[in-house]
Amino acid sequence: MKFNYKLHRLCGSAYGVPNATNTTSSSTSGGNILYTSSGNVLLSPVSNRVQVIDLLTHTATTLSCEARSNIKTIALSPDDRLLLIVDVDNHAMLVNFHRSVILHRFSFKRNVRICEFSPCGLYFAVSYGNHIQVWHAPGLRREFAPFVLHRTYTGLGDGVVDIQWSSDSSVVMACAKNGTTRIWSVQTVEGYEPATLSGHKSGVVGAYFEKISPGTGNRLRKVYTISGDGTVVSWSCSYSDDSEEDGTKNNLIESSNAAVSFFGGGSGNDLFTSKGTAANDESSSPQAGHLVKAKWKATARHYFHQDTDVTATNFSMENNLLIVGFASGVFGLYELPSMSNIHTLSLSNQVIKTVAINSTGEWLAFGCPSTQQLLVWEWRSETYIIKQRGHAFGMKCMAYSSDGVVVATGGEDGSIKLWNTSSGFCYCTLKSHTAPITACVFSNSSVVLSASYDGTVRAHDLHRYRN
């Protein structure tokens, strides 16, 4: 007989923290969800564990490691090797994602609300109360002290809500509850002073860098900030060496190169080798080096025109898509910088706490912790990829089918849910009782008996899904 049992997957909830009191405190609000680099796997925190959902095979597995308490935030390295998990008590653990092995544990002394790896994978940033801390990302080998602090950045007057990195990992940006956003350089840059963007009347929910277009000299041009009252402010960065004369000169050089190429049959770039070399040197320099003496200015304001607050945002830099979740359960998909509304849908009547978008920009993921809902929506075809929901007020009883394929659970909400043990998903919800269910049992593989506080015992036919 084998006794080396190993956890394979959780059944009963796909997101959030199952509770029996229906509270909405910070310990039961649920963490953030995120995609892997491939865009086909979704990570969802459930209580003190992490569910790994494969959207192609439609199966779910659970990492064997567990946090000390409910998970608040998770972050995955760009190469999908390291997973950083922080719980509500600010205890962090670094996990080898592929092997589900805990490499190191660490405790932060202040409240950690969000964490984010840099695009290069060499750093990760965490909110540290009103500050943010940037740490060197450790390797896969176990070390005595793998967490090495790089620097602590200050200047925000309230708790940090969101952290974003620039594309070359040389600039880090954070926004706070007091409506301000601050931009720092990761390394020391001579002459650079951190910029503060203050143009909102309420707390900022998210702040994002715009994708750098080719031919801009590897310079940051725009930043978008979104506040809880539904306002989007577009910030443009102007540099001291930007002028109309430079633009006219560059256009003249490009025209001359084209003329030489047309009439001489050559490339025409040899005549301006020094200019091309200077351009290459400029594009290879870090983005933080260009921000010296740069000025940020609010150039546009947009409004969502919703009767509720913005609770969650996410941005796909490659596709210029902004996804916004509202407290009413409605989400909107917008294209930047025009802010044109591409798609709007009502998913639930509860607050959308976290949103995520995959690398291709096709699959949108939403998490509603109050109802333990996890939704993945493909907005182009307008279909659900995954639609899962746990028991509203906790689970009371459960029963295994004789063939081991189905697990039936009864909840405080008076519903019976049927879970497929192979995939870990709920495929049917039976609502026939008006009070909490006290017991459930399989009479055979196709009939479930349930008893409830409403004084009834009901038999449910699993072929016709009725009692």
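Please read these numbers as outputs of a predicted model, since none were measured by experiment. (Residues numbered from 1 in each chain as written. Predicted model: local features only at pLDDT ≥ 70, side-chain atom pairs only at ≥ 80, totals over all residues. Heavy atoms only, no water.)

A.B. asks: Could you give me a rundown of the overall build of the protein chain, with the residues and numbers involved?
C.D. replies: Within the protein chain, the regular secondary structure consists of three helices and 35 strands. By residue count, 51% of the 467 residues in the protein chain fall in the buried class. Of all intrachain contacts in the protein chain linking residues separated by at least 6 positions in sequence, the fraction that spans at least 24 positions is 45%. Put simply, the protein chain shows about 21800 Å² of open surface, and 49% of that area lies on carbon and sulfur atoms. (Helix = DSSP H or I, 4+ residues; strand = E, 2+ residues; numbered from the N terminus. Buried < 20%, exposed > 50% of the residue type's maximum accessible area, 1.4 Å probe, protein only. Contact = heavy atoms within 4.5 Å. Areas by Shrake-Rupley, 256 points an atom, 1.4 Å probe, with all protein chains shown as cover.)

A.B. asks: Tell me about a nonpolar patch on the surface, and name the residues and values.
C.D. replies: Nonpolar side chains collect at one region of the surface, where M395, M398 and Y400 lie side by side and expose about 330 Å² of accessible area between them. Take M398: it is sitting in strand 29 (residues 395–400). (Patch = residues over 30% accessible without salt bridge, like charges linked within 9 Å, V, L, I, M, F, W, Y side chains within 5 Å. Salt bridge = Lys/Arg side-chain N within 4 Å of Asp/Glu carboxyl O.)

A.B. asks: Tell me about the packing of aromatic side chains, and please be specific about residues and values.
C.D. replies: A complete count under the given rule lists 15 aromatic pairs for this structure. For the pair F124 and F147, a centre-to-centre distance of 5.6 Å together with 65° between the ring planes defines the contact as edge-to-face. Here the residue F124 occupies a position in strand 10 (residues 123–128), and F147 occupies one in the loop between strand 11 (131–136) and strand 12 (148–153), the gap between them amounting to 23 residues. Look at Y208 and F315: their rings are 5.7 Å apart centre to centre, the planes differ by 40°, and that puts the pair in the tilted class. Of this pair, Y208 sits in strand 17 (residues 204–209) while F315 sits in strand 21 (residues 310–316), placing them 107 residues apart in sequence. As far as the burial class goes, Y208 and F315 line up, both buried. Its end group placed over the ring of Y239, R219 keeps NZ or CZ at 4.8 Å from the ring centre. (Phe/Tyr/Trp six-rings, centres within 6.5 Å; stacked < 30°, edge-to-face > 60°. Lys NZ or Arg CZ within 6 Å of the ring centre and 35° of its normal.)

A.B. asks: How would you sum up the sheet that holds strand 30 (residues 406–411)? Please name residues and give values.
C.D. replies: Pairing within the open sheet is antiparallel, and its four strands lie in the order 29-30-31-32. In this open sheet, the two edge strands, each paired with only one partner strand, are strand 29 and strand 32 (426–431). Put simply, the sheet's adjacent strands are angled 20° from each other on average, direction ignored. Pairing between strand 31 (residues 415–420) and strand 32: five bridges, direction antiparallel. Bridging across to strand 32, I416 finds its partner in L430. (Pairing = 2+ DSSP bridges. Axes fitted to C-alpha atoms, helices over the stretch in contact; angles between N-to-C directions.)

A.B. asks: Requested: an account of the state of the cysteines, with residues and values cited.
C.D. replies: Defined simply, a disulfide is a covalent bond joining two cysteines at their sulfur atoms. Summed over all chains, the structure comprises zero disulfides. The thiol sulfur of C11 is not disulfide-bonded, and the nearest other cysteine sulfur, from C426, lies at 9.6 Å. Classification of C11 as partly exposed rests on a relative accessible area of 33%. (Disulfide = S-S within 2.5 Å.)

A.B. asks: Go over the confidence of the model for the protein chain, please, and point to the residues and values.
C.D. replies: Here the protein chain shows a mean pLDDT of 86. Residues at 70 or above account for 88%. Confidence drops under a pLDDT of 50 for residues 20–28, and excluding neighbours within four residues, the segment shows 12 contacts in the predicted structure. For the stretch residues 244–281, pLDDT sits under 50, and the model shows 16 contacts to residues farther than four places along the chain or on other chains. (pLDDT = per-residue confidence, 0-100.)

A.B. asks: Got a sec to walk through the nonpolar core? Specific residues and values, please.
C.D. replies: V171, I183, L220, V223, L291 and W296 are the most contacted members of the largest nonpolar core, which totals 22 residues. For this core, the secondary structure elements donating two or more residues are strand 14 (171–176), strand 16 (195–198), strand 17 and strand 19 (231–238). Not counting the four nearest positions on each side in its chain, V223 is found in contact with M173, I183, L197, Y208, F209, V233, S234, W235 and W296. (Core = buried A, V, L, I, M, F, W, Y, C linked by side-chain atoms within 4.5 Å.)

A.B. asks: I'd love a proper account of the environment of F108, names of residues and values included.
C.D. replies: Position of F108 among the secondary structure elements: in the loop between strand 8 (101–107) and strand 9 (115–117). Linking F108 and N90, residues 18 residues apart in sequence, is a C-alpha distance of 5.5 Å. Aside from chain neighbours lying at most four places away, what touches F108 is N90, A92, V126, Y128, Q133 and W135.

A.B. asks: Let's hear about the pairing of strand 19: which residues, and what values?
C.D. replies: Among the eight residues that make up strand 19, seven are buried, leaving the element largely enclosed by the rest of the structure. Taken together, the five bridges between strand 18 (residues 222–227) and strand 19 define a ladder with antiparallel strand orientation. Each bridged residue has a counterpart across the sheet, and for K222 the counterpart in strand 19 is S236. In textbook terms, the turn of a hairpin is the stretch between consecutive antiparallel strands, and for strand 18 and strand 19 this stretch comprises three residues, one of which, G230, has a positive phi near 90°. Pairing between strand 19 and strand 20 (residues 295–303): eight bridges, direction antiparallel. Bridging from a neighbouring strand, V232 pairs with H302 of strand 20.

A.B. asks: Break down the sheet that holds strand 25 (residues 354–357) for me, citing the residues and quoting the values.
C.D. replies: Sheet architecture is open: four strands sit in the order 25-26-27-28, paired in antiparallel fashion. On the outer flanks of this sheet lie strand 25 and strand 28 (383–389), each paired with one strand and no other. Strand-to-strand twist of the sheet, defined as the mean angle between neighbouring strand axes without regard to direction, takes the value 10°. The sheet contact formed by strand 26 (residues 363–368) and strand 27 (residues 373–378) spans six bridges and is antiparallel. Paired with A365 across the strands is V376, a residue of strand 27.

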